Amino acid sequence: MSFHPLSALLAAQATQTPREGNIFFPAEASTVARGLDDIFYFILWVSIVSFVIVIAVAAMFVLRYRQREGHREEKTATHGLGLELTWTIIPTVLMAVMFFAGFKGFLGLRQAPQDAETVFVEGQMWNWNFRYANGAQSQELVVPVGRPIKLVMSSVDVLHSLYIPAFRVKQDVVPGRYTSLWFEAIQEGTFHLFCTEYCGTKHSTMITSVRVLPEAAYQAEIKELANFIDRLPPVEAGERVFNMKGCTQCHNITTESRLQSGGGPGLANVAKLIAEGGQQKFADGSSVAADEQYVRESILVPNAKIVSGYPAIMTAYQGRISEDELRVLIEYIKSLGN
Ligand SMILES: [Cu+2]
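Small disclaimer: the values here were computed from a predicted structure and weren't measured.

Asker: Please explain the overall build of the protein as it appears in this structure.
Answerer: Secondary structure assignment for the protein yields nine helices and 12 strands. If one aligns the C-alpha atoms of the protein with their principal axes, the spans along those axes are about 100 × 55 × 30 Å. Across the 338 residues in the protein, those meeting the buried criterion constitute 25%. Counting only contacts in the protein whose residues sit at least 6 apart along the sequence, the fraction spanning at least 24 positions is 63%.

Okay, structure coming up:
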């Protein structure tokens with residue numbers, strides 16, 4: 001508590017206005033962004049100045065003391081106490097400032113404030129799903145401005161990593177455990193949120209937005225997002241579930257296949273089969289009547305029957321989708337045949 005210069009430096013950071021975006025960084029849109037950027041610029045400038053000094057002195061020595069006619073090695077001093085203290089103490093102080101500022105910033109990033117609101121995040125190849133305290137779900141992250149939010153994150157398949165550049169926060173999302181991060185947005189607007197850990201063919205499409213809204217608009221938005229299954233007609237509600245659960249990453253809603261880009265069959269095919277009372281054919285040569293039960297199984301346990309000509313890459317939704325969601329989703333898929 002008595003490290004005054006540093007406390008002053010850090011306190012000054014907290015009260016300064018956030019910068020606009022520039023060549024290095026997007027706009028500073030969270031409470032921690034300004035402080036983290038200041039440390040970055042501090043380290044950057046220390047590196048630039050030291051680089052110039054070291055190179056300039058080295059170049060000067062190379063020129064001045066090079067071997068040439070009429071010059072011989074002279075006896076010189078072996079020590080220069082003043083010089084040695086200078087080049088030890090100054091870098092040590094600079095390093096200490098970097099360490100303490102960085103360490104304090106790191107602790108601040110790890111410790112979510114007590115009153116932070118929790119939003120659960122589920123990462124999946126290749127989609128994000130956000131769940132709010134009132135039961136709402138969304139595919140874009142919606143948050144209020146000026147209030148701390150804690151993301152508690154897990155993955156249903158492989159390692160992902162959630163990154164919001166404008167907030168300067170990033171954290172791995174790991175199957176089989178929770179990781180978390182927190183932030184407080186200080187600016188309304190829409191910012192990028194994406195996966196920054198290579199997670200398969202369509203990793204680069206695992207991108208969405210964070211929408212920062214005023215408190216009242218945020219409350220209205222998550223209220224609208226909750227209980228939509230009870231409010232909307234099944235097909236409309238089903239379309240929302242379809243978008244939210246990442247189905248769009250691998251399926252067209254027409255008859256067109258996505259096999260070429262690592263996806264699955266166009267879902268209008270199965271819809272047409274259901275409408276005609278047809279059979280779906282599978283990789284092992286068997287077939288089954290296309291109906292609600294088949295679609296249900298295809299979603300919950302996709303590998304039970306593999307559609308002929310496709311790889312078994314669809315992740316199982318068993319345990320990750322409610323009966324209500326499943327019901328409207330199936331209604332929506334059936335409607336694609338029209
Ligand atoms: Cu990912």
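From this point on, the discussion continues.
Asker: What is the right way to read the sheet that holds strand β3 (residues 137-138) from this model?
Answerer: Sheets are built from strands paired through backbone hydrogen bonds, the pairs being either parallel or antiparallel. Taken together, the five strands give an open sheet; going across it, the order is β3-β2-β1-β5-β8, and neighbouring strands pair in mixed fashion. The strands lining the two open edges of the sheet, one partner per strand, are β3 and β8 (179-184). Relative to β3, strand β2 (residues 127-131) runs antiparallel, the two being bridged by two bridges. Bridging across to β3, Arg131 finds its partner in Gln137.

Asker: What should I look at first to understand the sheet that holds strand β7 (residues 169-173) in this one?
Answerer: A sheet is described by the order of its strands in space; here five strands give the open sequence β4-β10-β9-β6-β7, paired in mixed fashion. Two strands lie at the open edges of the sheet, namely β4 (141-144) and β7, each paired on one side alone. Averaged over all neighbouring strand pairs, the angle between strand axes comes to 20°, with direction disregarded. Examined bridge by bridge, β4 and strand β10 (residues 207-213) share four bridges and lie parallel to one another. Directly across from Leu141, in β10, lies its bridge partner Val210.

Asker: Whenever I open this one, the domain arrangement of the protein confuses me. Can you help?
Answerer: By a frequent convention, interface size equals the accessible area lost on bringing the separate parts together. Domain annotation for the protein reports domain 1 (4-65 + 80-110), domain 2 (117-225) and domain 3 (228-335). Spacing between the C-alpha centres of domain 1 and domain 2 amounts to 31 Å. Contacts between the two partners involve 10 residues from domain 1, matched on the other side by 11 residues from domain 2. Taken together, the residues that form the side of domain 1 that touches domain 2 break down as eight nonpolar, two polar and no charged.

Asker: Which parts of the structure should I look at to understand the packing of helix α2 (residues 33-64) against helix α3 (residues 81-110)?
Answerer: If you want to describe how two helices pack, look at the angle between their axes and the distance between the axes. Contact geometry of α2 with α3 gives a least axis separation of 10 Å together with a crossing angle of 160°. With respect to each other, α2 and α3 are oriented roughly antiparallel. Remark: the crossing between α2 and α3 carries left-handed chirality. Contacts between α2 and α3 involve Gly35, Leu36, Ile39, Ile43 and Val46 from the former and Leu94, Met98, Ala101, Gly102 and Gly105 from the latter.

Asker: Can you walk me through unusual backbone geometry in this structure?
Answerer: Keep in mind that most residues, glycine aside, have a negative phi and that most peptide bonds are trans. Each neighbour pair has its own omega, and for Met125 with Trp126 the value is 0°, a cis peptide bond. Structurally, Trp126 is set in the loop between β1 (117-124) and β2. A positive phi is found at Asn227, a non-glycine position, where the angle reads about 55°. Along the chain, Asn227 falls in the loop between α4 (215-225) and α5 (228-231).

Asker: I keep staring at the environment of Leu162 and nothing clicks. Help me out?
Answerer: Along the chain, Leu162 turns up in strand β6 (residues 160-164). Remark: the alpha-carbon pair of Leu162 and Leu151, spanning 11 residues in sequence, is separated by 9.8 Å. Leave out the neighbours within four places in its chain, and Leu162 touches Val121, Gly123, Leu151, Met153, Lys170, Gln171, Val173, Leu193 and Cys195.

Asker: It is not clear to me how helix α9 (residues 323-335) should be interpreted in this structure. Could you clarify?
Answerer: Residues three or four positions apart in an α-helix share a direction because the helix packs 3.6 residues into each turn. Given a rise of 1.5 Å per residue, 13 residues ought to cover 18 Å, and the 18 Å separating the end C-alpha atoms of α9 matches this to within 8%. Of the positions making up α9, those classed as buried are Glu325, Val328, Leu329, Ile330, Tyr332, Ile333 and Lys334.

Asker: Sorry if this is basic, but what is going on with the nonpolar core here?
Answerer: In globular proteins that are soluble, nonpolar side chains generally tend to be buried together. Residues Val121, Val143, Leu151, Leu162, Phe167, Phe183 and Val210 are the most contacted members of the largest nonpolar core, which totals 36 residues. Apart from residues no more than four positions distant in its own chain, Val121 is found in contact with Trp128, Phe130, Leu151, Val152, Met153, Leu162 and Val173. Core analysis: the second largest hydrophobic core is formed by 21 residues, Ala237, Met244, Leu267 and Ala290 among them.

Asker: Would you take a moment to explain the pairing of β1 for this structure?
Answerer: Put simply, side chains in a regular strand alternate between the two faces of the sheet. In terms of strand pairing, β1 meets strand β5 (residues 148-155) through seven bridges, oriented parallel. Its bridge partner being in β5, Val121 is matched across the sheet by Met153. In terms of strand pairing, β1 meets β2 through five bridges, oriented antiparallel. Within β2, the residue paired with Gln124 across the bridge is Asn127. The turn joining β1 and β2, which pair antiparallel and follow one another in sequence, is formed by two residues.

About the thresholds
Residues numbered from 1 in each chain as written. Predicted model: local features only at pLDDT ≥ 70, side-chain atom pairs only at ≥ 80, totals over all residues. Helix = DSSP H or I, 4+ residues; strand = E, 2+ residues; numbered from the N terminus. Buried ≥ 20, exposed ≤ 12 C-beta atoms within 10 Å, placed from the backbone. Contact = placed C-beta atoms within 7 Å. Pairing = 2+ DSSP bridges. Axes fitted to C-alpha atoms, helices over the stretch in contact; angles between N-to-C directions. Domains from an automatic or database assignment. Nonpolar A, V, L, I, M, F, W, Y, C, P; charged D, E, K, R; others polar. Parallel < 35°, antiparallel > 145°, perpendicular 65-115°, else oblique. Left-handed = near helix turned anticlockwise from the far one by under 90°. Expected span 1.5 Å × (residues − 1). Core = buried A, V, L, I, M, F, W, Y, C linked by C-beta atoms within 7 Å.

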